[in-house]
Amino acid sequence: MITRDEFRRELRERLLASDEKILLRVVVHPDFDQPKEFTGKALVARAEQLARSYGISKGRAVVLLLLPHSPELVLLQLGLVLKGHIPAVLAWPTSRVDAEKYQRNLVHQLSHLPADQLITLPRLAENLAGSVRCQVTGIHLENSATFESAFPAGPLSQQSEQRQAEAGSSGPLSDDTLFLQFSGGTTGAQKAIAVGAEMLSQQLRRLGEALEFTADDVVASWLPLYHDMGLIACYWMPLWHGASSIQIAANDWVINPELLLKYVSRCRASFCWLPNFAFSYLSQRREFMRSSFELDSVRAWINCSEPVRRKSINAFSNTFADWGVEPKSVQASYAMAETVFAITQSQLGKQISAIPRACVKQSSQAYGHLAFDLIDDVYVSSGKPISGTEVRIVGADGSICPNATAGEIHVRAPFLFSGYWGSGGFQTNSLVDGWHATGDYGFLANGDLYVIGRFKDIVIVGGNNIFPEDVEAVVNSIEGVYPGRVVVFGVEDTDYGTQSLAVVAEVKDEFSEEKAVQAEAAIRKLVLAAIGVSPRHVAVVPARWIVKSTAGKISRRETRQRFLQERTAVSLEGGCGLAT
Amino acid sequence: MLPDHAAIYDAAREAASQIACRPIKEGQRLVTSGLIDSLSVLKLISLLEKKLSVSIPPETLQPEDFDDVDLIVETIERVAEPAS
């Protein structure tokens, strides 16, 4: 067992051992050619200096970081750990959000998080100071003005939250907690996982062994630090192993995907973790890329965070074959914040396995209610459990499923979390006999895990988990929408191999085209502000359009089916979207 | 040489309508209204590049540069280069 203090000491020593080697490159808008570079020594010095300057003076505090992609964000997360605090990175909003609505929603979110301090940009800090209970600290970044321009100065007009989680309630967190990571990405009712020293070191060691990861490796990433793949695989893995990483902002990558390939080529990167959609996204952009890149240094392009689609990985390896991407370099992993990160990993240097859908049995008819489409004819393996990790598939009746029979994925591992941290403090009743029921649907075949989709109605948009209930709560508050008559679900985006968000809302009074147009605009704007994701589909419908079950409960699945059927019918007539 | 202003305007309106799956009116916000999501902005750029036979270097751009038809036209005239 490694204690928190031992971990911090060892981390510091490991970083200082790389005194002249550049361990971190942070690529910052607008000068993408001149990343901010830090050797191991500079990394420790700057991280500790930032933590000293901005971290609360209290000994062990939960510190929320709400900052755009910047060297300061990356370094503060490390510096606060080194100082003994417990940082947690919150998602920075897209610049497209409505500032007032975003800030109100943020206050609501913060009221559920028992944190001691929030570190954010100065203007946001001033605006929020009177509305949240924890200490709010502003930090000026080189490009603060660009990001702050979206937020007009001025405190929020009224204290909007009565309920406030107790500040300073980090006591119930286990003694070895190093930092928190959120399980739901960007969503409203945030639940965090406490990552302890033993959990983290076990994960980094065991995943490192599976990947034969060494100090010579280089990780290129556009994944944000509020995502487990960005934080653990792309930041902490290289930090702990003395390897290098390149950090690019997600917003910059989305509009300029070749930026990632440019840095892979320039820094001879050897690892790149990407959600499934990114494989399709990069492939589709290839014909417009203006330079060519050398990608043969990459030992593994690891597909993770979304079900792996064969179409996406084939498109990627075919499209970039002439730049050095080999099919066997495309790999897969199954990971979640609850286990710090990886549970399985495919074997490097070997093409990943696939199995036809026809060969897979369903364990029970009881799974007929699944709210996702089984769109694949072939399922792609996410690899074998990494050392010390157990995976089992459980049927609806609680029995263990045999080979190639689908059911719920349960996991047990030395790096498994012990509970969620949120509005009720630290909840430790999330496991049964040490097993975590993941809510994912899949099967084991010849020792490999195949992930089909989700039991829970979570929508995975570009690797981010969106809880439909959060979006529904936001939409329910909109003027003109019938409260409680809103359904949110995912629709497959076959172009990019991900899901898009769909909202169906009934109008409160008599339906008219004008009311529907107004409500649709309000829904799009508010969901973007509150959740950070634009719904691709919004259907405002007359009363009683949403389908209820025989028990009178709203049926997400049936409503989704009706939406898809009617949308298809309209498309055949030459329209797009659902006519209402 | 870049296409003329009117051709760019027509292409911008057509491409925006195609991506948003509805006719786009003058001044109608695309990105800040949530009508087009971030993944679709790149689809819009790619579509414009095809329609106008231009290259739009994305390095200095933000999704907001494509927020309405006039902004799209302005962005293309500012940064686009004829496709080689």
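Residues numbered from 1 in each chain as written. Chains lettered and ligands numbered in written order. Predicted model: local features only at pLDDT ≥ 70, side-chain atom pairs only at ≥ 80, totals over all residues.

**Q** Lay out the overall build of chain A in plain terms, naming residues and giving numbers.
**A** On a plain count of helices and strands, chain A comes out with 15 helices and 29 strands. Taking 25 Å as the expected radius of gyration for a compact globule of 580 residues, we find that chain A reaches 23 Å, a close match to that expectation. Across its three principal directions, the C-alpha atoms of chain A cover 65 × 60 × 55 Å. For chain A, the proportion of its 580 residues judged to be buried stands at 53%. The long-range fraction of contacts in chain A, counting pairs at least 24 apart against all pairs at least 6 apart in sequence, stands at 71%. (Helix = DSSP H or I, 4+ residues; strand = E, 2+ residues; numbered from the N terminus. Rg over C-alpha atoms; globule rule 2.2 N^0.38 Å. Buried ≥ 20, exposed ≤ 12 C-beta atoms within 10 Å, placed from the backbone. Contact = placed C-beta atoms within 7 Å.)

**Q** Give a description of the confidence of the model for chain A that names residues and reports values.
**A** In regions of low pLDDT, the predicted coordinates are not meant to be interpreted in detail. Of the residues in chain A, 91% reach a pLDDT of 70 or more, and the chain-wide mean stands at 88. Contacts from residues 167-171 of chain A, a stretch scored under 50 in pLDDT, to residues over four places away or in other chains number 13 contacts. (pLDDT = per-residue confidence, 0-100.)

**Q** Go over the sheet that holds strand β28 (residues 498-507) of chain A, please, and point to the residues and values.
**A** All names here are of chain A. If you trace the 3 strands from one edge of the open sheet to the other, you get β27-β28-β29, paired in mixed fashion. Of all the strands in the sheet, the pair left with one neighbour each is β27 (481-493) and β29 (537-541). Neighbouring strand axes in the sheet, compared pairwise and without regard to direction, differ in orientation by 20° on average. Relative to β28, β27 is paired through 9 bridges, and the arrangement is antiparallel. Paired with glutamate 492 across the two strands is glutamine 499, which belongs to β28. Across the sheet, helix α13 (residues 468-476) lies against β27 and β28, angled at about 140° from β27, the strand it touches most. (Pairing = 2+ DSSP bridges. Axes fitted to C-alpha atoms, helices over the stretch in contact; angles between N-to-C directions.)

**Q** How would you sum up the interface of chain A and chain B? Please name residues and give values.
**A** Taken together, the 24 residues of chain A in the interface contact 23 residues of chain B. Counting only elements with at least two residues in the side of chain A that touches chain B, the list comes to α9 (250-255), α11 (276-285) and α14 (513-531) of chain A. Partitioned by chemical class, the residues of the side of chain A that touches chain B number 13 nonpolar, 5 polar and 6 charged. (Nonpolar A, V, L, I, M, F, W, Y, C, P; charged D, E, K, R; others polar.)

**Q** Summarise the packing of α11(A) against helix α12 (residues 310-319) of chain A; cite the residues concerned and give the values.
**A** Residues and elements named next belong to chain A. Two numbers describe how α11 lies on α12: the axes approach to 8 Å, and their chain directions differ by 40°. Regarding the angle of α11 to α12, the classification is oblique. Crossing angle aside, the handedness with which α11 passes α12 is left-handed. Contacts from Asn276, Phe279, Ser280, Leu282 and Ser283 of α11 reach α12 at Ser312, Ile313, Ala315, Phe316 and Thr319. (Parallel < 35°, antiparallel > 145°, perpendicular 65-115°, else oblique. Left-handed = near helix turned anticlockwise from the far one by under 90°.)

**Q** A description of the pairing of strand β7 (residues 177-182) of chain A should follow, citing residues and the corresponding values.
**A** Along a regular strand, successive side chains alternate from one face of the sheet to the other. Residues and elements named next belong to chain A. β7 sits mainly inside the fold: 6 of its 6 residues count as buried. Examined bridge by bridge, β7 and strand β8 (residues 192-196) share 5 bridges and lie antiparallel to one another. Bridging from a neighbouring strand, phenylalanine 179 pairs with valine 195 of β8.

**Q** Quick one: what's the story with unusual backbone geometry, residue by residue and with numbers?
**A** Glycine aside, residues mostly have negative phi angles, and peptide bonds mostly take the trans form. All names here are of chain A. Residue histidine 29 is joined to proline 30 through a cis peptide bond whose omega torsion reads 5°. For glutamate 212, which is not glycine, the phi torsion reads 50° and is therefore positive. With respect to the helices, strands and loops of the structure, glutamate 212 is situated in the loop between α7 (197-211) and β9 (218-221). Note on glutamate 212: 11 C-beta atoms within 10 Å, which makes it exposed. In this structure, asparagine 446 is a non-glycine residue whose phi angle is positive, near 50°. Structurally, asparagine 446 is set in the loop between β23 (436-445) and β24 (448-454).

**Q** Tell me about the nonpolar core, and name the residues and values.
**A** Residues and elements named next belong to chain A. Val63, Leu65, Ala269, Trp273, Val503 and Val527 are the most contacted members of the largest nonpolar core, which totals 210 residues. Ranked by the residues each element gives to this core, the list is headed by helix α8 (residues 228-241), at 10 residues. Setting aside residues no more than four positions away along its own chain, leucine 65 makes contact with Leu73, Leu76, Gln77, Pro87, Ala88, Val89, Leu90 and Ile119. (Core = buried A, V, L, I, M, F, W, Y, C linked by C-beta atoms within 7 Å.)

**Q** How would you summarise the domain arrangement of chain A if you had to cite specific residues and measurements?
**A** As assigned here, chain A comprises domain 1 (198-417 + 430-456) and domain 2 (467-572). Once you take the C-alpha centre of each, domain 1 of chain A and domain 2 of chain A turn out to be 30 Å apart. (Domains from an automatic or database assignment.)

**Q** Give me the lowdown on the packing of helix α1 (residues 5-20) of chain B against helix α3 (residues 69-79) of chain B, citing residues and values where you can.
**A** Residue and element names in this part refer to chain B. It is at 9 Å that the axes of α1 and α3 come closest, and there the two elements cross at 125°. In terms of their interaxial angle, α1 and α3 are classed as oblique. Like other packed secondary-structure pairs, α1 and α3 cross with a definite hand, here right-handed. Taking contact as the criterion, the partners of His5, Ile8, Tyr9, Ala12, Arg13 and Ala16 in α1 are, on α3, Val69, Ile72, Val73, Ile76 and Glu77. Per-class residue counts for the contact of α1 with α3 are 8 nonpolar, 1 polar and 2 charged.

**Q** Run through helix α4 (residues 99-111) of chain A, naming residues and quoting values.
**A** Turn by turn, an α-helix covers 3.6 residues, leaving residues three or four places apart pointing in a common direction. Residues and elements named next belong to chain A. Between the first and last C-alpha of α4 there are 18 Å, a value that for 13 residues agrees with the 18 Å anticipated at 1.5 Å per step. By the burial criterion, the buried members of α4 are Tyr102, Gln103, Asn105, Leu106, Gln109 and Leu110. Looking straight down α4, one finds that the buried residues subtend no more than 165° of arc, so they occupy a single side. Against β5 (117-120), α5 (122-128) and α14 lie the buried residues of α4. (Expected span 1.5 Å × (residues − 1). Arc of directions from axis to C-beta.)

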